[in-house]
Amino acid sequence: MYFTDEFDETADVAVLGLGNAGAVAAMTAHDAGARVVVLEKQPEDTHRPNSRYAAGFFLVPNDVDGACRYLESLYAVNGEEVSPALIRVWAEQTAANPAWLTEHGGEYAVLDLHGEHDFLPDHKSVTVYKAQPTSDYPGCPLHGLLRSLVADRGIEVRYDTAATALLTGPDGDVTGVRTRQGDLGVRRGVVLATGGFEGDESLKRQYLPVTPAHFYGSQDNTGDGIRLAQDVGAELWHMNTWPGHFVARFPGAGYGGGTGIDLWGSNRFGPTADNPGAIFVDGSARRFLAEPGRQHAANLELTALDGRTLTHPRVPTWWIFDDARFSKAPLVTTYAGPAGPVRDYTWSADNSTELDKGWISCGTTIRELAAACDLDPDTLSATVERYNDLCARGRDDDFGRDPATLTPLTGARFYAIPLWPGGSHTVGGPRRDEHARVLAARGGPVANLYSAGELGSLHGLLYPAGGASLAECMAFGRIAGAAVAANRTGLR
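Residues numbered from 1 in each chain as written. Predicted model: local features only at pLDDT ≥ 70, side-chain atom pairs only at ≥ 80, totals over all residues. Heavy atoms only, no water.

Moving on, we get to the overall build of the protein. Broken down by element type, the protein carries 14 helices and 21 strands. Here the C-alpha atoms of the protein give a radius of gyration of 23 Å, agreeing with the 23 Å that 2.2 N^0.38 yields for 492 residues. The dimensions of the protein, computed from C-alpha atoms along their principal axes, are 75 × 50 × 45 Å. Every one of the 492 residues in the protein was classed for burial, and the buried ones make up 58%. Across the protein, the fraction of contacts at a sequence separation of at least 24, relative to all contacts at a separation of at least 6, is 73%. Where the 42 positive side-chain charges of the protein centre and where its 61 negative ones centre are 0 Å apart. (Helix = DSSP H or I, 4+ residues; strand = E, 2+ residues; numbered from the N terminus. Rg over C-alpha atoms; globule rule 2.2 N^0.38 Å. Buried < 20%, exposed > 50% of the residue type's maximum accessible area, 1.4 Å probe, protein only. Contact = heavy atoms within 4.5 Å. Lys, Arg positive; Asp, Glu negative; His and termini not counted. Charge placed at Lys NZ, Arg CZ, Asp CG, Glu CD.)

What follows deals with the side chain of Asn299. With respect to the helices, strands and loops of the structure, Asn299 is situated in helix H9 (residues 298-302). Discounting chain neighbours no more than four positions away, the residues touching Asn299 are Trp242, Gly244 and His245.

Along helix H8 (residues 224-231), the positions that sit buried rather than exposed are Gly225, Ile226, Leu228 and Ala229. Burial along H8 is one-sided: seen end-on, the buried residues are contained in an arc of 165°. A positive backbone phi angle near 90° is found at Gly233, which sits one or two residues after H8. (Arc of directions from axis to C-beta.)

Here the focus is the packing of helix H1 (residues 20-31) against helix H6 (residues 141-152). Their axes nearest at 9 Å, the elements H1 and H6 cross at an angle of 30°. Here the hand of the crossing between H1 and H6 comes out left-handed. Here Asn20, Ala23, Val24 and Met27 of H1 lie close against H6, whose contacting residues are Leu142, His143, Leu146, Leu149 and Val150. (Axes fitted to C-alpha atoms, helices over the stretch in contact; angles between N-to-C directions. Left-handed = near helix turned anticlockwise from the far one by under 90°.)

Bringing unusual backbone geometry into the picture now. Of note, the bond from Thr211 into Pro212 is cis; its omega dihedral lies within 30 degrees of zero at 5°. Along the chain, Pro212 falls in the loop between helix H7 (201-207) and strand E11 (214-215). Cis rather than trans, the peptide bond between Glu291 and Pro292 has omega equal to 5°. Locating Pro292 in the fold gives a position in the loop between strand E15 (278-281) and H9. Phi at Ala285 is positive, roughly 70°, even though this residue is not glycine. Structurally, Ala285 is set in the loop between E15 and H9. Notably, Asn351 is not glycine yet its phi reads approximately 70°, a positive angle. Relative to the helices and strands, Asn351 resides in the loop between helix H10 (323-328) and helix H11 (352-356).

Glancing now at the sheet that holds strand E4 (residues 57-61). Taken in spatial order, the three strands of this open sheet run E4-E6-E5, and their pairing is antiparallel. Bordering the open sheet on either side are E4 and strand E5 (107-114), each of which pairs with just one other strand. Within the sheet, the average angular offset between the axes of one strand and its neighbour, ignoring direction, is 35°. Bridge analysis of E5 against strand E6 (residues 126-132) gives five bridges, and the strand direction is antiparallel. Across the sheet, the residue bridging to Val110 is Tyr129, located in E6. (Pairing = 2+ DSSP bridges.)

Turning our eyes to something else, we now look at the packing of aromatic side chains. A complete count under the given rule lists 13 aromatic pairs for this structure. Summarising the aromatic geometry, the rings of Phe250 and Trp347 are spaced 5.6 Å apart at their centres and angled 50° between planes, so their arrangement reads as tilted. Separated by 97 residues along the polypeptide, Phe250 in the loop between strand E13 (245-249) and strand E14 (260-262) and Trp347 in the loop between H10 and H11 bring together distant segments of the chain. The pair Phe250 / Trp347 is uniform in exposure class, with both members buried. The ring centre of Phe476 lies 5.3 Å from the NZ or CZ of Arg432, which sits over that ring. (Phe/Tyr/Trp six-rings, centres within 6.5 Å; stacked < 30°, edge-to-face > 60°. Lys NZ or Arg CZ within 6 Å of the ring centre and 35° of its normal.)

Nothing here speaks to function; it is geometry throughout.
Given below as structure tokens:
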């Protein structure tokens with residue numbers, strides 16, 4: 001905690017971070033009459049927040065009461081109790097996102113997708129929308145729109161300006177922000193929108209239940225907001241979980257020495273007439289789930305510890321596929337542009353470049369492929385034989401995989417890629433309430449401190465559906481921006 005009553009300059013509001021949450025908070029506070037300064041850690045010419053490379057999906061409740069019950073049931077799986085007021089505000093404000101986007105010139109499509117966990121009775125109370133391009137912005141259309149709205153308002157954005165500390169008054173209330181460039185005092189408050197800790201190996205090892213965990217989100221998300229909030233007494237939550245799935249990691253595939261690449265959306269297990277053969281196997285060369293698994297809960301399948309051997313037998317998991325899959329399309333998700341961290345690696349259209357790099361293992365027989373992956377040849381051969389037999393029957397008696405995706409593994413060559421627990425972002429950070437106020441470990445809010453976005457997200461063990469994070473960024477960006485602009489307990 002850093003106490004000072006002298007500042008180099010003052011503003012009404014400081015917003016830390018210019019992703020979607022920070023942009024919406026800044027806009028909202030500005031429109032409410034506050035003088036806002038946005039402090040962004042990244043330089044302008046390399047500004048790549050997670051928001052920039054997201055695909056643009058966002059969750060929208062179509063039944064607010066049902067959405068509340070759905071979220072409550074997700075928390076109940078892990079016995080977590082969350083404020084009903086927070087859940088209610090989440091449902092109401094995410095339901096308001098489409099109208100808010102339309103008001104600000106945004107466009108979107110409504111998809112036939114609903115809550116990811118369809119074993120819960122209220123999963124259809126949420127629908128997934130997808131933002132549509134309204135400009136030639138080279139990234140997520142939603143982020144492009146929000147960036148333009150910030151620029152149109154003339155809101156001051158200071159790039160390459162990382163916050164190093166929150167400044168406080170004698171009672172611990174937040175009064176400003178310290179940066180390398182000087183101390184900025186705030187008359188109304190600070191909004192933390194700095195993202196998660198997917199780029200910080202120390203925090204990942206300390207909090208996440210498995211190592212390694214590879215993320216294809218921004219490697220500049222290094223837990224800055226977590227440390228800033230801890231320094232002023234904030235309570236943390238959701239640090240030990242994340243909306244995780246299968247991620248590939250290849251050295252040189254992106255900045256930071258090669259971090260995660262999203263493969264979930266490209267596994268081609270969907271119910272189409274020409275699904276190529278593919279399975280996932282663990283270190284024992286055996287299947288362990290109905291491929292491809294739940295998109296944002298796959299990490300729960302991967303992190304199981306074998307108490308006898310004290311190993312994680314599913315880290316890595318091996319994606320085994322055949323010539324038909326290799327030849328069909330790129331192996332990575334390409335709907336949001338190039339692959340890798342912030343989409344800065346362009347995967348070859350026919351996968352040949354990556355095969356030549358050695359990123360993809362190959363064999364003319366299953367046994368040869370097993371040897372290349374250091375898997376037991378006999379076991380992998382038996383696994384593939386069993387899987388092909390299930391395909392012939394048209395029913396997965398072992399794991400209940402969708403029959404429409406049961407295509408045998410055949411062809412002249414077979415391939416494999418190791419997959420790791422990971423994803424796009426973490427969700428842990430300072431706990432917030434329904435007013436987007438950061439809560440103190442000692443009880444009550446930290447005065448004049450607010451948060452929005454993936455930093456301290458309300459999503460816990462289970463993620464409700466694709467697009468839940470972008471929806472939360474918009475909703476709590478508005479809540480935080482309005483609350484901080486209305487606050488009058490900062491500097492006089």
